[in-house]
Amino acid sequence: MRYAQGGGLTDERRAFRGKLRLEAAERFVQGEENAVIAHDLRVSEPFPCAQQNRR
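Small disclaimer: the values here were computed from a predicted structure and weren't measured.

**Structural notes on the packing of helix H1 (residues 11-29) against helix H2 (residues 34-41)**
Their axes nearest at 10 Å, the elements H1 and H2 cross at an angle of 150°. With respect to H2, the axis of H1 lies roughly antiparallel. Relative to H2, H1 is oriented so that their crossing is right-handed. Residue-level inspection shows Leu-20, Glu-23, Ala-24, Arg-27 and Phe-28 of H1 in contact with H2, the latter providing Asn-34, Val-36, Ile-37, Asp-40 and Leu-41. Counted by class, the contact of H1 with H2 contains six nonpolar, one polar and three charged residues.

**A word on the confidence of the model for the chain**
Caution applies to low-pLDDT parts of the model: their predicted coordinates are not meant to be read in detail. Mean pLDDT for the chain: 79, with 69% of residues reaching 70 or above. The lowest-confidence element of the chain is helix H3 (residues 48-54), averaging 53 in pLDDT; the highest-confidence one is H1, averaging 90.

**A short note on H2**
Since one α-helical turn is 3.6 residues long, residues separated by three or four positions face the same way. Residues Asn-34, Ile-37, Ala-38 and Leu-41 constitute the buried set of H2. Along H2, the residues classed as buried sweep out an arc of 95° about the axis, all on the same side. Residue Arg-42 follows H2 closely and has a positive phi angle near 60°.

Here is what the cut-offs are and how they apply
- Residues numbered from 1 in each chain as written.
- Predicted model: local features only at pLDDT ≥ 70, side-chain atom pairs only at ≥ 80, totals over all residues.
- Heavy atoms only, no water.
- Axes fitted to C-alpha atoms, helices over the stretch in contact; angles between N-to-C directions.
- Helix = DSSP H or I, 4+ residues; strand = E, 2+ residues; numbered from the N terminus.
- Parallel < 35°, antiparallel > 145°, perpendicular 65-115°, else oblique.
- Left-handed = near helix turned anticlockwise from the far one by under 90°.
- Contact = heavy atoms within 4.5 Å.
- Nonpolar A, V, L, I, M, F, W, Y, C, P; charged D, E, K, R; others polar.
- pLDDT = per-residue confidence, 0-100.
- Buried < 20%, exposed > 50% of the residue type's maximum accessible area, 1.4 Å probe, protein only.
- Arc of directions from axis to C-beta.

If you want it as structure tokens, here you go:
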């Protein structure tokens, strides 16, 4: 279920999260490994089933 207002995040936090997603997406396109991206951005890796949906 999605929340209309971004799950209770502030505008600042939503912007920060959006920047992380864009940076991660750019790095995925370049072929970097999920673990490396997650480590560098200080986030957790997605579950394997989430990766299958992305391909």
